[in-house]
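# Survey of secondary and tertiary structure
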Amino acid sequence: MRLFAGLDLPWELRERLSGLAGGIPGARWVPPENYHITLRFIGEVVAHQAEEIDHALAALRVRRFTVSLTGIGTFEKAGRPVQLWAGVERNPQLYLLQSKIETACQRAGLERERRRFAPHVTLARLENAAEAKLASFVQANNLFRAAPVAVEHFTLFSSQLGKEASVYTAEVEYSLV
Ligand code: 3AM
């Protein structure tokens, strides 16, 4: 199965984010049920490895905290925007949770994640998105800011790749203390 660890978001916030969607030809908007903050992409693993990851994650003790979404931006690949996202306000507790999950994943036998953690909520994937429209979307929404949300658990999601959108299933929720 294909797995990742992340945070799901409350419905009010999903609604707020989905209210931003639209107006960029070439954007594939993420359906609101798929919004999340990825903490650790795990990828394809076999059942016994998934079980080890689950055990390692279940052993974590991390305190509850809040996160706030703020700002809009894009990730680029080869100089082209490929992903439109809402940002996450600087948050040492989120980084602590992420680094504990990273350590747990390595304990369960996964290779170290080499990419820098850049927390975000993907709003759309972009393929040849109309540049001027994308720029004006980012500018118009750059002051986006949502009320803080309580993080009381993190989730191990499975992901089934789909043509339009992937289907994410919450497999296990791990409570924070
Ligand atoms: O949180 P976002 O939407 O940015 O793009 C995938 C999604 O990211 C990413 O993992 C999240 C949940 O599917 N992802 C997919 N394949 C990946 C890979 N090979 C990947 N991240 C890193 N390496």
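This report concerns the structure included in the present document. Here the structure is a predicted model, which means the values were calculated and not measured. (Residues numbered from 1 in each chain as written. Predicted model: local features only at pLDDT ≥ 70, side-chain atom pairs only at ≥ 80, totals over all residues. Heavy atoms only, no water.)

Note that an α-helix has 3.6 residues per turn; residues three or four places apart therefore point the same way. Taking 1.5 Å per residue as the helical rise, helix H3 (residues 92–107) with its 16 residues ought to reach 22 Å, and the 22 Å between its terminal C-alpha atoms agrees with that figure. Among the residues of H3, Leu94, Leu97, Gln98, Ile101, Glu102, Ala104 and Cys105 are the ones counted as buried. Looking straight down H3, one finds its buried side chains confined to an arc of 165 degrees; they lie on one side. With respect to the buried face of H3, the exposed residues turned more than 90 degrees away are Pro92 and Arg107. In this structure, the buried side of H3 is in contact with strand E1 (2–7), strand E3 (37–44), helix H2 (47–58), strand E4 (65–67), strand E6 (80–88) and strand E9 (153–160). (Helix = DSSP H or I, 4+ residues; strand = E, 2+ residues; numbered from the N terminus. Expected span 1.5 Å × (residues − 1). Buried < 20%, exposed > 50% of the residue type's maximum accessible area, 1.4 Å probe, protein only. Arc of directions from axis to C-beta. Contact = heavy atoms within 4.5 Å.)

As a structural note, the neighbourhood of the ligand is formed by Arg2, Phe4, His36, Thr38, Phe41, Gln83, Arg115, His120, Thr122, Arg125 and Tyr168. Side-chain polar atom of His120 to an oxygen atom of the ligand: 2.6 Å apart, as the coordinates give it. One of the side-chain nitrogen or oxygen atoms of Arg125 is found 2.9 Å away from an oxygen atom of the ligand. When the ligand is considered free in solution it has 480 Å² of accessible area, and contact with the protein chains removes 73% of it. In terms of residues, the shell around the ligand owes the most to one element, strand E7 (residues 120–126), which gives three residues. Here the residues of the shell around the ligand are counted per class, giving three nonpolar, five polar and three charged. (Near = heavy atom within 4 Å. Polar contact = N/O pair within 3.5 Å; in protein donor to acceptor, adjacent residues only side chain to side chain. Areas by Shrake-Rupley, 256 points an atom, 1.4 Å probe, with all protein chains shown as cover. Nonpolar A, V, L, I, M, F, W, Y, C, P; charged D, E, K, R; others polar.)

This next bit is on helix H1 (residues 11–18). Taken together, the buried positions of H1 are occupied by Leu13, Arg14 and Leu17. For H1, the angular spread of the buried residues around the axis is 100 degrees, confining them to a single face. Facing away from the buried side of H1 by more than 90 degrees, the exposed set consists of Glu12 and Glu15. Where the residues of H1 are buried, they touch strand E5 (69–77), E6, E7 and strand E8 (149–151).

Turning our attention to the side chain of Ser68. Topologically, Ser68 is positioned in the loop between E4 and E5. Owing to a relative accessible area of 6%, Ser68 belongs among the buried residues under this scheme. Beyond its immediate stretch of four places on either side in the chain, Ser68 contacts Gly87, Val88, Glu89, Arg145, Ala146 and Pro148.

Here the focus is the pattern of salt bridges. Inspection of the entire model under this criterion finds five salt bridges. Put simply, Glu152 and Arg64 hold a salt bridge, and the shortest N to O gap is 3.5 Å. You can see Glu152 sitting in the loop between E8 and E9 and its partner Arg64 sitting in the loop between H2 and E4, a full 88 residues away along the chain. On the accessibility criterion, Glu152 (40% relative accessible area) is partly exposed. Arg64 sits in the partly exposed class, given a relative accessible area of 44%. Two residues, Glu89 and Arg145, come together in a salt bridge whose shortest N-O distance is 2.6 Å. Residue Glu89 is located in the loop between E6 and H3, and its partner Arg145 is located in the loop between helix H4 (131–141) and E8; the two are separated by 56 residues in the primary sequence. By relative accessible area, Glu89 is classed as partly exposed at 32%. You can call Arg145 partly exposed: its relative accessible area is 42%. (Salt bridge = Lys/Arg side-chain N within 4 Å of Asp/Glu carboxyl O.)

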